[in-house]
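These are the residues of each chain, in order.
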Amino acid sequence: MTIALQGELTIVRGKIAAIEPRAGGVTIRSGTRRVEFPGGWAFPGLVDAHAHVVGLGLAFREGYLRDAPSKHECIERLIAHGPNRGEWIVARGWNQELWSPPLFPTRYDLDRVFPTTPVALTRVDGHALWVNSSALERAGITAATPDPAGGAIVRDEHGMPTGILLDAAMELIQQYIPERTLEDIEHAIIEATAAASSVGLTEIHDMDVLPEHLPIFTQLAEQGKLHCRILSWVRGQRFEWHSAGVLPTTGEFHRVAGIKLFADGALGSRGAALLEPYTDDPSTHGILLLTVEEIAERIKRALDDGFSSIAVHAIGDRAVRTVLDAFEQIQQRYVALDNVRLRIEHSQVVHPDDLPRYVQTGAIASVQPIHCTSDAAMAERRLGTRTATAYRWRSFLQHGVLLCAGSDFPVESHNPLSGIDAFCRRIPPGREHPWYPEERLSATEAIEAYTINAHRAADMSYRRGWLAVGMDADITIVDRNIEVCPAEEILQARTLATVVGGTLYEHA
Ligand SMILES: [Zn+2]
């Protein structure tokens, strides 16, 4: 059975009321409105099953200096964005190594354009701050200010601060920058969901959400300002959801769906908990953040609060095993867990003995295919021969594990096509051949991980996940059939429109 279709879809009150297959393109009919997309293909709305909405919005609002090829380009971007924290302009991501000559900038570069607006710009590595004279003035930093312990105020030959502050000296300025307001967070969410919508997403499983951000999502949903449905998994490592009194909700465009825990860190920082030591640093196995009992205790509390979805971050094989042990313990103590969705976020390194345990415990593998290709070279160094047990998509499906997919944006691109491409081709950047090609998926399987399986992982598959009469009108319209086109062309596809609960957003 194929997923994609061409023809006329009639929408009534947010649901698909009729489908008339017809070659040549897609037509969306809603009331008296009829919009045609010649050559387009309709898919069930694509879901990002693991992402960070506020993080993406803040990356747009503050992280826009990344990859700026010159000092001049940085300043152009600052002018375009303007103040974003009270009267301050705060941004990050500049890197003078990309400029010619590769020299530190100065406050005078900024003063010419921003004589009175304070500007504070964090370097890409977070270890240097580039500020203008107005910012220095507000912080009272002069030639007479001593360097703080653990930091330095860079000075010219006359001892005057140049506008570059290193490490602990950054704090001299940062304490004067206004905190982000709830309004800043609101704008970040609006920008992030609009961007996600433009690349074809109709729904996002938002992970590790702060309890204080939930009312903003709810309000934006009520105002019709979210271009994607948002399901929140609330921070739970220290019972944050419980302390804040957060309970599950059932809104149409925003829903508090579950809680999020962390069992370990990441491979890059050697924080992922492994059963055997790291290949490139035998002194460490990584760090397990919660024990079996601690995970089980949090899950029990969440179930008592009425939650039916628990997402636990586990990257290393020891963390995955610990989470499976906790799921098992919970199931031995509770009887009715049929409607509970237990998800292992990332599921990157899985010991072969533990693959069947996913099915036994009902654990869902929530993976980010683009992490595999982006991190392949690093994973080879960290894991050695254990890379054969990493990113095992085909193995999950063969064992009957429910596999859903996301991007982890803003860590990776928010474009779901990048993930579908990685699923199908599995070729790391700069390489020519697939990495462990036996673990690749077909385009149909890849799209299922972004549609029906993602909905199953959130217990919404009775409403969404395929194009059929009576289902929610959540549709992604693409300019080609990514299900059958050569895998090399998937990344060239463009989203023409999305439909969310019957509302059409045109993107082309
Ligand atoms: Zn994440």
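About the cut-offs
- Per chain, the residues get numbers from 1 upward, laid out in the order the sequence is written.
- Residues qualify for local features only when their pLDDT is at least 70, as the model is predicted, and side-chain atom pairs are given and counted only at 80 or more; totals for whole chains, interfaces and linings, by contrast, use all residues.
- Excluded from the side-chain calculations are hydrogens and water; all other atoms, namely the structure's heavy atoms, are used.
- Under the scheme used here, helices are H or I runs from DSSP no shorter than 4 residues and strands are E runs no shorter than 2 residues, and both carry numbers assigned from the N terminus.
- For the radius of gyration, the atom set is restricted to C-alpha positions; the globular benchmark scales as 2.2 Å times the number of residues to the power 0.38.
- We call two residues in contact whenever any of their non-hydrogen atoms come within 4.5 Å of each other.
- Here the Shrake-Rupley method, with its probe set to 1.4 Å, supplies the accessible areas, and only the displayed protein chains count as covering residues.
- Within this scheme the basic residues Lys and Arg register as positive and the acidic residues Asp and Glu register as negative, but His and the chain ends are omitted.
- Each charge is placed at NZ for Lys, CZ for Arg, CG for Asp and CD for Glu.
- Donor atoms (N, O, S) are those found within 2.8 Å of the metal centre, with the cutoff raised to 3.2 Å for Na, K and Ca; water is not part of the atom list, so apparent gaps in a site can occur.
- For every residue, the accessible area obtained with a 1.4 Å probe (protein chains only) is divided by the maximum for its type, and the residue is called buried under 20%, exposed over 50%, and partly exposed between those limits.
- In this analysis, strands are considered paired if DSSP registers two or more bridges between them.
- All axes are obtained by fitting lines to C-alpha atoms, using only the stretch in contact for helices, and the reported angles, taken between N-to-C directions, cover 0 to 180 degrees.

A. Region of interest: the overall build of the protein. Helix and strand counts for the protein come out as 16 helices and 21 strands. Compactness check: the protein gives a C-alpha radius of gyration of 24 Å against a globular reference of 23 Å for 508 residues, within 12% of the reference. The principal-axis extent of the C-alpha atoms belonging to the protein is close to 75 × 60 × 50 Å. For the protein, long-range pairs separated by at least 24 residues make up 70% of all intrachain contacts whose partners lie at least 6 apart in sequence. Counting every atom, the protein has about 20700 Å² of accessible surface; 52% of that belongs to carbon and sulfur. Put simply, the protein has 48 plus and 65 minus side-chain charges, and the middle of one group is 3 Å from the middle of the other.

B. Spotlight on the coordination of the zinc ion. Taken together, the protein donors to the zinc ion comprise His-50 (NE2), His-52 (NE2) and Asp-408 (OD), at separations of 2.1 to 2.2 Å. Along the chain, the residues donating to the zinc ion fall in the pattern H-x1-H-x355-D. Remark: Asp-408 occurs in the loop between strand E18 (403-405) and helix H14 (416-425) and His-52 occurs in the loop between strand E6 (46-51) and helix H1 (53-62); sequence separation between them is 356 residues. An identical accessibility class is assigned to His-52 and Asp-408; each is buried.

C. Region of interest: the sheet that holds strand E2 (residues 15-21). One open sheet holds the 4 strands; their spatial order is E2-E1-E3-E4, and the pairing between them is mixed. The sheet terminates laterally at E2 and strand E4 (33-38), the two strands that pair on one side only. Across the sheet, the mean angle from the axis of one strand to that of its neighbour is 15°, orientation sign disregarded. Examined bridge by bridge, strand E3 (residues 25-30) and E4 share 6 bridges and lie antiparallel to one another. Bridging across to E4, Ile-28 finds its partner in Val-35.

Any functional reading would require information beyond the geometric quantities listed.
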